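One-letter residues, chain by chain:
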Amino acid sequence: MILTLAGARADVDAEKTREMYARLPYIRQGCQCPLCRSFLERVANFDAEKRVFFAKIGVDAEKCESLWSYPGTRPGTQLYTFRCPLVCVDVSGITEEWETVAEGFSARFAGDGGRVFLEVELLLKWDGV
Ligand SMILES: [Zn+2]
């Protein structure tokens, strides 16, 4: 399936990506800190738009890599950045630009040593301390 973000175009093999995610570990097996637990709870309760966005390319965001968090721009929010490996037939036009997919949700493609990633910035609710 073709996905374009910020001018970059990827032909994602959603079926192979889904198969890859079936074998990947959940992040919660790596970390139990409040920031990770809050992230996973928000991901499990994604709105329909985000759920569809990730599902259509075969990505399970609960199995993302390189999860980082920063205080959000508004009180009661936390900004998370992470990347999700993709199985792609083809990818072209990758830049540093982000595309705003929805409010508080930006994404772009990145390539690293022959692997292709979906990089994501998400502003999520945070009620921790
Ligand atoms: Zn953590």
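Figured I'd write up the structure that's included with this text. Remember, predicted model here, so these are calculated numbers, not experimental data.

**Re the sheet that holds strand 6 (residues 99-102)**
Here we have five strands laid out as an open sheet, ordered 3-4-8-7-6, and antiparallel in their pairing. A strand with exactly one partner marks an edge of an open sheet, and here the two such strands are strand 3 (65-71) and strand 6. On average, adjacent strands in this sheet sit at an angle of 25° to one another, irrespective of strand direction. In terms of strand pairing, strand 3 meets strand 4 (residues 77-86) through five bridges, oriented antiparallel. Paired with Pro71 across the strands is Gln78, a residue of strand 4.

**Quick look at the sheet that holds strand 2 (residues 8-12)**
Neighbouring strands of a sheet are bound in pairs by backbone hydrogen bonds; such pairs are parallel or else antiparallel. With antiparallel pairing, three strands are arranged side by side in an open sheet as 1-2-5. In this open sheet, the two strands that pair with only one neighbour each are strand 1 (2-5) and strand 5 (88-92). Each adjacent strand pair in this sheet contributes to an overall mean axis angle of 15°, direction not counted. Both strand 1 and strand 2 contribute to a ladder of four bridges, which runs antiparallel. Considered in strand 2, the bridge of Thr4 is made with Arg9.

**As for the nonpolar core**
If you look at the biggest cluster of nonpolar residues, it comprises 24 residues, and the most contacted ones within it are Ala10, Ala61, Cys84, Leu86, Val116, Leu118 and Val120. Every element with two or more residues in this core is listed here: strand 2, helix 2 (34-44), helix 3 (48-56), strand 4, strand 7 (105-112) and strand 8 (115-125). Residue contributions to this core peak at six residues, all from strand 8. Non-local contacts of Leu118, meaning those with residues more than four positions away in its chain, are made with Val59, Arg83, Cys84, Leu86, Ala107 and Phe109.

What counts as what
Residues numbered from 1 in each chain as written. Predicted model: local features only at pLDDT ≥ 70, side-chain atom pairs only at ≥ 80, totals over all residues. Pairing = 2+ DSSP bridges. Helix = DSSP H or I, 4+ residues; strand = E, 2+ residues; numbered from the N terminus. Axes fitted to C-alpha atoms, helices over the stretch in contact; angles between N-to-C directions. Core = buried A, V, L, I, M, F, W, Y, C linked by C-beta atoms within 7 Å. Buried ≥ 20, exposed ≤ 12 C-beta atoms within 10 Å, placed from the backbone. Contact = placed C-beta atoms within 7 Å.

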